Amino acid sequence: MPAQTLDTASHVVQLALTPIFLLAGLAQLLNVFTARLGRIADRAYRLTHFVEADRAELHRLKLRSRILDAAVLLAPLSGGLTCCAALTIFLGALRNANAGALLYALFGGALVCAVAALAAFSIETILSGRGVRAQFVDATDALDK
């Protein structure tokens, strides 16, 4: 390992820690995703135990769970790529290697996965809102009869 000054080493640590803040946000997103999956599972469980289960609602719940599955897979992938980006910063500094292209690819991939996870979550949230509004319509129609 080449001799490095304390300033250089502390700069490398600062650079490597910067993308790690993305991990904290991703961890919070995963908590939200899993909580929503749990609510979907609970609702589906309740619906399947009724003789007159609403097939359309079960279909919406299945679609929502699949979209959340994608978000749950993309968020950790983004986290893994973020960790690889931080590791690339460290290893590049230790070896005095020019790993810029790899760093851009890893961190860029992490951001793409994070954006895709957020997009999947947004779609699931929109579907959830539509389902709630459909229940309101059904309830008001039943009250009107």
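Residues numbered from 1 in each chain as written. Predicted model: local features only at pLDDT ≥ 70, side-chain atom pairs only at ≥ 80, totals over all residues. Heavy atoms only, no water.

(A) Quick peek at the packing of helix α1 (residues 6–17) against helix α3 (residues 55–95). Where α1 meets α3, the axes come as close as 8 Å, and the angle between the chain directions of the two elements is 160°. Overall, the two elements α1 and α3 adopt an arrangement that is roughly antiparallel. α1 and α3 meet at a crossing whose hand is right-handed. The residues of α3 that touch α1, namely those facing V12, V13, L15 and A16, are A86, I89, F90 and A93. In terms of residue class, the contact of α1 with α3 is built from eight nonpolar, no polar and no charged. (Axes fitted to C-alpha atoms, helices over the stretch in contact; angles between N-to-C directions. Helix = DSSP H or I, 4+ residues; strand = E, 2+ residues; numbered from the N terminus. Parallel < 35°, antiparallel > 145°, perpendicular 65-115°, else oblique. Left-handed = near helix turned anticlockwise from the far one by under 90°. Contact = heavy atoms within 4.5 Å. Nonpolar A, V, L, I, M, F, W, Y, C, P; charged D, E, K, R; others polar.)

(B) Broad picture of a negative patch on the surface. A surface patch of negative charge is lined by D54, D138, D141 and D144. The topology assignment puts D138 in helix α4 (residues 100–144). (Patch = residues over 30% accessible without salt bridge, like charges linked within 9 Å, V, L, I, M, F, W, Y side chains within 5 Å. Areas by Shrake-Rupley, 256 points an atom, 1.4 Å probe, with all protein chains shown as cover. Salt bridge = Lys/Arg side-chain N within 4 Å of Asp/Glu carboxyl O. Lys, Arg positive; Asp, Glu negative; His and termini not counted. Charge placed at Lys NZ, Arg CZ, Asp CG, Glu CD.)

(C) Region of interest: the state of the cysteines. The full count for this structure, using the stated rule, is zero disulfides. The structure places no disulfide on C84, whose sulfur is separated from the nearest cysteine sulfur, that of C83, by 7.0 Å. C113 takes part in no disulfide bond, and the closest cysteine sulfur, belonging to C84, lies 11 Å away. (Disulfide = S-S within 2.5 Å.)

(D) Fine view of the pattern of salt bridges. As enumerated under the stated definition, the model contains three salt bridges in all. We note a salt bridge from E57 to R43, for which the minimum N-O separation is 2.8 Å. Highlighted residues: E57 in helix α3 and R43 in helix α2 (residues 20–48), separated in sequence by 14 residues. Take E57: its relative accessible area is 8%, and that puts it in the buried class. (Buried < 20%, exposed > 50% of the residue type's maximum accessible area, 1.4 Å probe, protein only.)

(E) Quick look at the environment of A75. With respect to the secondary-structure elements, A75 resides in helix α3. Note on A75: relative accessible area 1%, which makes it buried. For A75 and A86, which are eleven residues apart along the polypeptide, the C-alpha to C-alpha distance reads 17 Å. Apart from residues lying up to four places away in sequence, A75 is in contact with L26, L30, F33 and A117.

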